Amino acid sequence: MKTTEAKEAAAGEPVEIRGIAHGGEGVGRAVGEGADTRTWLVEGALPGEQVLAVRSEERRRMIRGRTLQVLTASPDRVVPPCPVEGVCGGCGLQHARAAAQAELKRQIAEGALRRLGIAVPQALASPRALGYRRRARLHVERVGDALRLGLHRRQSHDVLDLAHCPVFDAPLNHALARLHALAGAGGAFAQVLRLLRRGELHLLSDGAAVVVGIPGLAPREGDDGEAGLRAALGEALDSVVVGVIARGGRRELVVGRGRLALADAGPEDMAIPTGPFEFAQAQAAQNQVLVERVVALADARGGQVLELFAGGGNFTRALAREAAEVVAVEDDRGSAAALLRLAKKTGASRQAKVEVRRLDATRALVRYAAEGRGFDRVVLDPPRAGLGLQGARALAQVARGRTVFVACDPATLARDLEPLLEAGHRASAALAIDMMPMTPEVEVIVALDAPRDRS
Ligand SMILES: C[S@@+](CC[C@H](N)C(=O)[O-])C[C@H]1O[C@@H](n2cnc3c(N)ncnc32)[C@H](O)[C@@H]1O
């Protein structure tokens, strides 16, 4: 044992893990005579285990730490499948058996909602544990003369140079390897990446092809600069990488295709044109499950639906088959344009009328509440930050029947549900969906019913 490892082991404390935290850390208490009584959050530890943990941060009521040694292992513990586990900041739950991960996520969701009296009895496991991911953000960093391209290192903004990632789908891995090779080759594409110093590449795959978005690269109009940029970005194109978009402010330069048609949760003729800067659920197969569950819980037959944070219409196109009218609110320009195209198609095929509002969701809710307007059904799927207090209070007035709340952050979901529960809405169903295996990320769906006097 090296001296530092020996010193750490000597400083290690035995901790018994009883639960799992939001970020995937094991939650427990130190054991033994005179043990610290504060709650521990231990990275790399699973419920049911006893581990030797070392402290990394101390607060008044809580100690953060990481696992030095597993003293008693959970039957769910496995050797992580990724060679850079623990170095890469990407996936924090790989030490748990793939089949056990959905249950751990159910516990994470229930842990956040317990104080509201909401149980989460079910978790839907992902059909694939690896090779599922269809969108990613790669990071670029210039270090002296070299360029690093890959993912962030664990608890750092430094870039871990990577040419393959086990959770990416095959086209995304092809694109990663290609972009990585170009960054290392020092040609025109690498020169463009150098301009970013520290930047991001947004990648989206449709299972066969990939489009790449580069934010923060302002193309100059009609001069040699634009022609040069076009030629440099064109270096990345091949039979899989079919498009690259540079975006600077409101200006975009599209080389090849700018959008892919995502048909995973709907028929081909209703595929959603999606670009690398727009939102898409991380996994196509599990997205179908998510859409089916949301639509079944919304039970919108013949009714009027308010859909907030609608994206490009992932739920909208399925809701439009059932409802009489869907008002879809979304503030992103590209996604709202996809919604407008969908609205035309649903209109032409005599499905529900889809009305698109390019608007901030809270502003829409506050306006509807002020007008005294109500909806039979509300479906909402905010980003991690959630809806927020003002929006949630307005939602409690606007929602007159069933509300289906989809969230990727159980903590902000719990905060947003409070005003609804205080106003008399009652949770009638809750479930967790594992959309991103190997990570502690969890999608949670909660259905709520308005008090009778509101409907
Ligand atoms: C988690 S995504 C869900 C999209 C869609 N439901 C889906 O399944 O693909 C959240 C969406 O909300 C949009 N959004 C973020 N903040 C918003 C806001 N304040 N008002 C309206 N839309 C917003 C984003 O552009 C994104 O499309």
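Rules used in this analysis
- Residues numbered from 1 in each chain as written.
- Predicted model: local features only at pLDDT ≥ 70, side-chain atom pairs only at ≥ 80, totals over all residues.
- Heavy atoms only, no water.
- Helix = DSSP H or I, 4+ residues; strand = E, 2+ residues; numbered from the N terminus.
- Rg over C-alpha atoms; globule rule 2.2 N^0.38 Å.
- Buried < 20%, exposed > 50% of the residue type's maximum accessible area, 1.4 Å probe, protein only.
- Lys, Arg positive; Asp, Glu negative; His and termini not counted.
- Charge placed at Lys NZ, Arg CZ, Asp CG, Glu CD.
- UniProt positions renumbered as here; feature names shortened; annotations may be inferred.
- Contact = heavy atoms within 4.5 Å.
- Polar contact = N/O pair within 3.5 Å; in protein donor to acceptor, adjacent residues only side chain to side chain.
- Axes fitted to C-alpha atoms, helices over the stretch in contact; angles between N-to-C directions.
- Parallel < 35°, antiparallel > 145°, perpendicular 65-115°, else oblique.
- Left-handed = near helix turned anticlockwise from the far one by under 90°.
- Nonpolar A, V, L, I, M, F, W, Y, C, P; charged D, E, K, R; others polar.
- Domains from an automatic or database assignment.

Participant: Give a detailed account of the overall build of the protein chain, specifying residues and quantitative values.
Facilitator: If you tally the helices and strands in the protein chain, you get 11 helices and 22 strands. In summary, the protein chain has a C-alpha radius of gyration of 24 Å against a globular reference of 23 Å for 455 residues, a match within 12%. The principal-axis extents of the C-alpha atoms in the protein chain amount to approximately 70 × 65 × 35 Å. The buried share of the protein chain, taken over its 455 residues, is 53%. Averaging the locations of the 61 positively and 55 negatively charged side chains of the protein chain gives two centres separated by 2 Å.

Participant: I'd like to hear about the UniProt feature "binding site: S-adenosyl-L-methionine" (unreviewed entry) in the protein chain, residue by residue, with values.
Facilitator: When the UniProt feature table is mapped onto this chain, "binding site: S-adenosyl-L-methionine" (unreviewed entry) is found at Gln281, Phe309, Glu330 and Asp381. With respect to the helices and strands, phenylalanine 309 occurs in the loop between strand S16 (304-308) and helix H7 (316-319). Overall, phenylalanine 309 belongs to the partly exposed group, its relative accessible area being 22%. Beyond its immediate stretch of four places on either side in the chain, phenylalanine 309 contacts Val329, Glu330, Ala361, Leu380, Asp381, Pro382, Pro383 and Leu387. Among the structural elements, glutamate 330 can be located in strand S17 (residues 325-330). Relative accessible area serves as the criterion here: at 11%, glutamate 330 is assigned to the buried category. A polar contact of 2.9 Å, which involves the side chain of glutamate 330, links it to the backbone nitrogen of aspartate 332.

Participant: Please set out the environment of leucine 201 residue by residue, giving values where relevant.
Facilitator: Looking at the element boundaries, leucine 201 is found in strand S10 (residues 198-205). Look at leucine 201 and you get buried, because its relative accessible area is 0%. Once the C-alpha coordinates of leucine 201 and glycine 388 are considered, the two residues, 187 residues apart in sequence, prove to be 29 Å apart. The residues touching leucine 201, leaving out its near neighbours within four places in the chain, are Ala136, Arg137, Leu138, Val140, Leu149, Leu179, Leu193, Val212, Gly213 and Ile214.

Participant: Give me the lowdown on the UniProt feature "active site" (unreviewed entry) in the protein chain, citing residues and values where you can.
Facilitator: In this structure's numbering, the residues bearing the UniProt feature "active site" (unreviewed entry) are Cys408. For cysteine 408, the position within the fold is in the loop between strand S20 (399-407) and helix H11 (410-422). With sequence-adjacent residues up to four places away left out, cysteine 408 is seen in contact with Pro382, Pro383, Arg384, Glu441, Val442 and Glu443.

Participant: Please provide a residue-by-residue account of the packing of helix H9 (residues 361-371) against helix H10 (residues 389-398), values included.
Facilitator: Relative orientation of the contacting elements H9 and H10 amounts to 40°, with a least axis distance of 8 Å. The orientation of H9 relative to H10 falls into the category oblique. Crossing handedness for the pair H9 and H10: left-handed. In this structure, H9 contributes Thr362, Leu365, Val366, Tyr368 and Ala369 to the contact, and H10 contributes Gln390, Gly391, Ala394, Leu395, Gln397 and Val398. Residues belonging to the contact of H9 with H10 are distributed by class as follows: seven nonpolar, four polar and no charged.

Participant: For the domain arrangement of the protein chain, give the residues involved together with the corresponding values.
Facilitator: Under the domain assignment, the protein chain is made up of domain 1 (1-77), domain 2 (135-261) and domain 3 (282-454). Between domain 1 and domain 2, the C-alpha centre-to-centre distance is 39 Å.

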